[in-house]
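# Commentary on secondary and tertiary structure
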Amino acid sequence: DAGITQSPRHKVTETGTPVTLRCHQTENHRYMYWYRQDPGHGLRLIHYSYGVKDTDKGEVSDGYSVSRSKTEDFLLTLESATSSQTSVYFCAIRGEQGNEQYFGPGTRLTVT
Amino acid sequence: GQNIDQPTEMTATEGAIVQINCTYQTSGFNGLFWYQQHAGEAPTFLSYNVLDGLEEKGRFSSFLSRSKGYSYLLLKELQMKDSASYLCAVRDGTGGFKTIFGAGTRLFVKA
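First, a word on what this report is: a plain description of the structure on this page. On a predicted model such as this, the values are computed, not experimentally measured, just so you know.

## Structural notes on unusual backbone geometry
Residues and elements named next belong to chain A. Backbone torsion omega between Ser7 and Pro8 reads -10°, so that peptide bond is classified as cis. Summarising the element assignment, Pro8 is placed in the loop between β1 (4-7) and β2 (10-13). Phi is positive for Lys53, close to 65°, though the residue is something other than glycine. Mapped onto the elements, Lys53 comes out in the loop between β5 (42-51) and β6 (54-57). For Lys53, a relative accessible area of 66% corresponds to the exposed category.

Have a look at this one:
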C-alpha cells in the first residue's frame, strides 16, 4: 500500500460539464501519473508530474489538464467532458526503488 | 512507433504451468514490467527485468530477451486466485520514467 487515494471513486456527469479528479498520496513521492484504461487499449498515459508545478503530457493528453500545487495532490481536469472520456482513471506514483509504479484504486467516470 | 503485443486471453488448469508471452517495439528501452490486475481493481506490480535472463519470485518468473524484444511471464502451480489480467509494460527511456502498457492478457484458471 503506497498510501494513494483517489476521489471520487465513481462519477456520472453530462457532456460539456467540467470534471476534476483528485489523486492524493501520503509518502512524498516526486513522480505521479494519470492513466485511463479502456477495453482493448490497456493503460494509456494522460499526463504526469515530476514535482510541484512540473508536469508534462502523455500520449492521450488532448481534452485534459493537470495541476500539482503541492507534493501530495495531483489533479486531473476535464474542461468540458465528452462521451469519449468515459473510462476508468488510475493515478500512480513511482516507487522508491525507482522501477515499479503503484496505483490508486481508480475512478470510474461516465459521461452521458 | 510504440507497440506491445500479448495474447488477449488464455485458459489454464489449476495446478498447471502457464506462460504468457509479450513482444515489444518501442523507441527506447529501460526495463520491462509485469503487473497483475484483478477485475475491478488496480494493477499491482509483479516483476521487473532490465537485463536479459530469468527473474524468479516464488511461483512467478519473468524472462527477458532484449535483442528479440521478447518477454514472458511464467506462472507455476496455478491457483484459482491467479485468474486475472496480466499487463506487460515497457519503460521507454524517455523523460519522466514513462511506461507503455500492453492491452493485457486475461487468464482464466479452471478447476
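## Here's the deal with the sheet that holds strand β3 (residues 19-25) of chain A
Residues and elements named next belong to chain A. Spatial ordering of the open sheet is given by β1-β3-β8-β7, a layout of four strands whose pairing is antiparallel. Either end of the sheet is taken by a strand with one partner, and the two such strands are β1 and β7 (64-70). Going across the sheet, the axis of each strand differs from the next one's by a mean of 20°, ignoring polarity. Inspection of the sheet shows β7 paired to strand β8 (residues 73-78) by five bridges, in the antiparallel sense. Residue pairing across strands places Val66 opposite Leu76, the latter belonging to β8.

Scoring rules and cut-offs
Residues numbered from 1 in each chain as written. Chains lettered and ligands numbered in written order. Predicted model: local features only at pLDDT ≥ 70, side-chain atom pairs only at ≥ 80, totals over all residues. Heavy atoms only, no water. Helix = DSSP H or I, 4+ residues; strand = E, 2+ residues; numbered from the N terminus. Buried < 20%, exposed > 50% of the residue type's maximum accessible area, 1.4 Å probe, protein only. Pairing = 2+ DSSP bridges. Axes fitted to C-alpha atoms, helices over the stretch in contact; angles between N-to-C directions.

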